[in-house]
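Given next are the chains, with one letter for each unit.
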Amino acid sequence: MAANQNFLNQLLHLAQSNHHRFGVVLKGEANWQHQLCQLAAQQCSGSIFQLGGEALPYVEQWRAINKGQQLLGYECSLLLIDLSYGFDANSVNAILGTLKGGGIAIFFHAECLEDDLATRWLVGALNELLVIEQNQALPALPEQSHIEADFAPFAMQQQAIELIKKVVTGSRRRPLVLTADRGRGKTTALGIASAELMQSRPIRIVVTSPTVGNVAPLFHHAETRLSACTRSKLKLEWQSSSIEFVAPDEVVEGELQCDLLLVDEASAIPLPMLKRMVEKYHRAVFSTTIHGYEGCGRGFSLKFQSWLAAERSGTRFYHMDTPIRWRENDPLEAWQYRTFLLDAELDECPYDREHDIVVTAISQQVLLSSPELLKQCFALLVNAHYQTTPNDLLLLLSDPAMKLFTVLVQGKCIACVVGVEEGGMDEALAQQVLLGKRRPKGHLVASSLATQLAAVEPAKQLSLRVMRIAVHPAWQGQGVGSTVLRQLTENGHYGYYSTSFGVTAELYRFWYQNGYRAVKLGSQRDQASGCYSVIMVHTDLEWKSEAEQLFAKTLVYQLKDLYHQLDVELVCCLVNRLGVSKESVHDFEKRLLTHYSLGGSSYDNVVAVLERFTLQYAMSMPFALLIRKVVQQHSWQACSKEFSLAGRKQIETELRHQASLLLSLLE
């Protein structure tokens, strides 16, 4: 034990000298592992955190294995990760960021993990760390690094803070885009800048992000700098100033009054919403992680930043690449990026029209033995704006229901599909699903359709839900995605294929063109995307017709209520593809519309006729006002505001004009 103690002492000294972090794995009897953890704690001069297992008496902060995100914004010098109760990749990745340079992370009880392919991947990665095994020779100590004399970890963060403050004190309509790798302190910079602004003037700051957990460090660092402030989960108040978290959809749709908008992890928010934020709020900061799963890096840079450069020429772009808690070339960070593919970048792969598109199913065993292929697939998924997480990596390796399909060109992955097998339930389970008594995990579409249609067939039939599809940017616009989906259905053995996603007009058209039909629209908007989730299916089974009919009737009815605010373009897109039957036009109805279009009759007298023929003939953007007022039944005041019309009289003038256009379609 004395040799182990001496090794840990030397390792801690080396970590402090280098301002680096090291990872250690313990292998041996449980009591021996606990003794070594305690020895490390005795030699540690800073805070000690523990993730997983049972809380040890000498740790200052303990969290369950899946709750590491709760300690974002805090710092420790020793991190103990107990794997007795499993492994949560999202949680571990979050809490590793709390470990300061000069500290070590100790993984123990890894032998308790279940034996599956994901565990083998993880164990292989853990073996790359410093492994201390009971009654075995100690590993070699890492080499001493040379430290630059001008090492200044907080210089870039301080520059970012000043730039954030300049957004408020400088000219309007000059956003700031702040990008950084993980662990560079960008969210902390937002919090410090917010506190300093609040100390200098009364100010209302609104912060938004896909999840409130992302901005925990912002609130934490603002709170520590503002004495006697009042803090709740979503709001911090100090004197006459405040910072408040508001979900992205409310930021876009609501009537918020604020002096500064902070958008954290902006790349995980859909591009149309970001553009609306820029147009609506004239003082805004957009920050995002460009490595790791919080952001999509290249997609964000190419799309949003290029749009900003064109539309807001005064936009400032600033990238933070210096770590603040540890020195560059940190061994633990390098291991973390490598293990969880946090640095997955797209390879160059120019489009080759001569190359055939061939979809191949990749087994989990092959995936485990082909880390380069796995990394390429993840790079595609991250670039495609999907919020892929470290847990998704392990699920793809361990969950037998998860399926991966790829298209390779000269050894490079240019397209991939991630799917999940659903259904295949026996009669008894399907009946319980039908009655709402069971909701088997992972059977999103199968369970939803069975409940919706009051039929067991969708639950009993084996199906594949396409969770994600991604195509290399150099190959996009060439029909690759459609070819992949076609081969998937032609060569597959499933009763039906499905997909579920936050629906936009563009995405809906893509899936519709590939033979998928909408059968259900969710009842709540996603806060991050502001979109409703749609379920679409590809099948020739009998129940599909029933599902489409039910969806058509439900949608038309709910456009007045639940989908009252649904985007007009999406309304047109959905209704046009529902196949609403065109009933015969009676002469008296044409006479009523003609009279109304010429200035006679009244809106209330013709609205029922207007609605019927709008749904049947006029579902396109030129009729946006007709759709909003007649089909979705928006108030006169709401229409006035949306279409910049003075009041009811001017709105009716435009409605009469659109009625005349509608008449021309009835001829």
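Given the structure is predicted, the values throughout are model-derived calculations rather than measurements.

## Section: the sheet that holds strand 10 (residues 235–238)
Then step 1. Strand order in the open sheet made by the 8 strands is 9-10-11-8-12-13-7-14, with mixed pairing throughout. Of all strands in the sheet, those with a lone pairing partner are strand 9 (230–231) and strand 14 (316–320), marking the two edges.
Then step 2. Pairing analysis gives 2 bridges linking strand 9 to strand 10, with the strands arranged antiparallel. Its bridge partner being in strand 10, T230 is matched across the sheet by E237.
Then step 3. Along the sheet, helix 5 (residues 155–169) contacts strand 7 (176–180), strand 12 (260–263), strand 13 (284–289) and strand 14; its crossing angle with strand 14, the most-contacted strand, is approximately 155°.

## With respect to the pattern of salt bridges
Then step 1. On inspection of all chains with the given rule, the structure shows 24 salt bridges.
Then step 2. Salt-bridge contacts for E642 lead to R628; the nearest nitrogen and oxygen are separated by 3.0 Å. One end of the pair, E642, is in helix 25 (residues 636–642); the other, R628, is in helix 24 (residues 624–631), with 14 residues separating them in the sequence.
Then step 3. Of the residues examined, R628 reaches a relative accessible area of 7% and is grouped as buried.
Then step 4. By sharing partners, the salt bridges in this structure join E162, K165 and E196 into a single network.

## Thoughts on the sheet that holds strand 16 (residues 402–409)
Then step 1. The mixed open sheet is built from 7 strands, whose spatial order is 15-16-17-18-19-21-20. Because the sheet does not close on itself, it has two edges, and the strands there are strand 15 (359–362) and strand 20 (517–525). Direction aside, neighbouring strands of the sheet carry axes that sit 30° apart on average.
Then step 2. Pairing geometry for strand 19 (residues 496–502) and strand 21 (residues 532–538), over 6 bridges, is antiparallel. Paired with Y497 across the two strands is H538, which belongs to strand 21.
Then step 3. Packed on one face of the sheet, helix 16 (residues 444–453) meets strand 17 (412–422), strand 18 (463–471), strand 19, strand 20 and strand 21 and runs near 95° to strand 19.
Then step 4. The sheet strands contacting helix 19 (residues 505–513) are strand 18, strand 19, strand 20 and strand 21, and the helix crosses strand 19 at an angle near 175°.

## Thoughts on unusual backbone geometry
Then step 1. A positive phi angle, near 50°, is found at Q239, a position not held by glycine.
Then step 2. Looking at the element boundaries, Q239 is found in the loop between strand 10 and strand 11 (241–245).

## Regarding the packing of aromatic side chains
Then step 1. Taken as a whole and assessed by the stated rule, the structure comprises 15 aromatic pairs.
Then step 2. When the ring of F107 is compared with that of W335, the centres are 5.7 Å apart and the planes differ by 55°; the resulting orientation is tilted. With F107 in strand 5 (residues 99–108) and W335 in helix 11 (residues 331–339), the pair connects residues that are 228 residues apart, well separated along the chain. For the residue pair F107 and W335, the accessibility class agrees, reading buried in each case.
Then step 3. With 5.1 Å between their ring centres and 70° between their planes, F286 and F304 make a pair best called edge-to-face. Residue F286 is located in strand 13, and its partner F304 is located in helix 10 (residues 298–311); the two are separated by 18 residues in the primary sequence. Both residues of the pair, F286 and F304, count as buried.
Then step 4. Among the aromatic residues, ring-to-ring pairing joins F87, F107, W335 and F340 into one connected group.
Then step 5. The lysine or arginine in question, R21, covers the ring of W326, its NZ or CZ lying 3.6 Å from the ring centre.

## Focus on the environment of H493
Then step 1. In this fold, H493 is placed in the loop between helix 18 (480–491) and strand 19.
Then step 2. Among the residues examined, H493 registers a relative accessible area of 58% and is labelled exposed.
Then step 3. Between the C-alpha atom of H493 and that of Q633, which follows or precedes it by 140 residues, the distance is 45 Å.

## Focus: the UniProt feature "binding site: acetyl-CoA" (unreviewed entry) in the chain
Then step 1. Residues annotated by UniProt as "binding site: acetyl-CoA" (unreviewed entry) correspond here to I469, A470, V471 and E506.
Then step 2. With respect to the element layout, V471 can be found in strand 18.
Then step 3. Apart from the residues lying within four places of it in its own chain, the contact partners of V471 are L380, I414, A415, Q476, V480 and G481.
Then step 4. Note on placement: E506 falls in helix 19.
Then step 5. Judged by relative accessible area, E506 falls into the exposed class, the value being 64%.

## Some details on the confidence of the model for the chain
Then step 1. With 97% of its residues at a pLDDT of at least 70, the chain reaches an overall mean of 92.
Then step 2. The low-confidence segment residues 293–297 (pLDDT under 50) makes 25 contacts with residues lying over four places distant or belonging to another chain.

## Comments concerning the pairing of strand 19
Then step 1. Buried residues dominate strand 19, accounting for 5 of its 7 residues.
Then step 2. Two elements, strand 18 and strand 19, share 4 bridges in a ladder whose sense is parallel. Within the sheet, the bridge partner assigned to R465 lies in strand 19 and is S498.
Then step 3. Assessed by its sense of winding, the connection that carries the chain from strand 18 through helix 18 to strand 19 is right-handed.

## Concerning the UniProt feature "binding site: ATP" (unreviewed entry) in the chain
Then step 1. Following the UniProt record, one finds the feature "binding site: ATP" (unreviewed entry) at Q157 and R325. These annotated residues cover 169 residues of sequence, and their C-alpha atoms lie no more than 11.4 Å from one another, placing them together at a single site.
Then step 2. Following the sequence through the fold, Q157 ends up in helix 5.
Then step 3. Assessed through its relative accessible area of 5%, Q157 is described here as buried.
Then step 4. If we skip the residues at most four places from it in the chain, Q157 touches G185, T188, A189, I192, M320 and I324.
Then step 5. Within the fold, R325 resides in the loop between strand 14 and helix 11.
Then step 6. Residue class for R325 comes out buried when judged on its relative accessible area of 13%.
Then step 7. If we ignore the near neighbours within four places in the chain, the residues touching R325 are H19, G73, Y74, E75, G97, T98, L99, K100 and G101.
Then step 8. A distance of 3.1 Å separates the side chain of R325 from the side chain of E75, its partner in a polar contact.

## Quick notes on the environment of E111
Then step 1. Examined against the element boundaries, E111 turns out to sit in the loop between strand 5 and helix 4 (117–126).
Then step 2. Accessibility expressed as a relative area gives 49% for E111, which makes it partly exposed.
Then step 3. In contact with E111, other than residues within four places in its own chain, are G28 and Q33.

## Points about the packing of helix 5 against helix 6 (residues 186–200)
Then step 1. For the pair helix 5 and helix 6, the least separation of the axes is 9 Å and the interaxial angle reads 50°. Relative to helix 6, the element helix 5 lies oblique. Helix 5 and helix 6 meet at a crossing whose hand is right-handed. On the side of helix 5, the interface is formed by Q157, A160, I161, E162, I164, K165 and V168, while helix 6 contributes T188, A189, L190, I192, A193, E196 and L197.
Then step 2. Tallied by class, the residues present in the contact of helix 5 with helix 6 amount to 9 nonpolar, 2 polar and 3 charged.

What counts as what
- Residues numbered from 1 in each chain as written.
- Predicted model: local features only at pLDDT ≥ 70, side-chain atom pairs only at ≥ 80, totals over all residues.
- Heavy atoms only, no water.
- Pairing = 2+ DSSP bridges.
- Helix = DSSP H or I, 4+ residues; strand = E, 2+ residues; numbered from the N terminus.
- Contact = heavy atoms within 4.5 Å.
- Axes fitted to C-alpha atoms, helices over the stretch in contact; angles between N-to-C directions.
- Salt bridge = Lys/Arg side-chain N within 4 Å of Asp/Glu carboxyl O.
- Buried < 20%, exposed > 50% of the residue type's maximum accessible area, 1.4 Å probe, protein only.
- Phe/Tyr/Trp six-rings, centres within 6.5 Å; stacked < 30°, edge-to-face > 60°.
- Lys NZ or Arg CZ within 6 Å of the ring centre and 35° of its normal.
- UniProt positions renumbered as here; feature names shortened; annotations may be inferred.
- pLDDT = per-residue confidence, 0-100.
- Right-handed = clockwise from strand over helix to strand, strands pointing away.
- Polar contact = N/O pair within 3.5 Å; in protein donor to acceptor, adjacent residues only side chain to side chain.
- Parallel < 35°, antiparallel > 145°, perpendicular 65-115°, else oblique.
- Left-handed = near helix turned anticlockwise from the far one by under 90°.
- Nonpolar A, V, L, I, M, F, W, Y, C, P; charged D, E, K, R; others polar.

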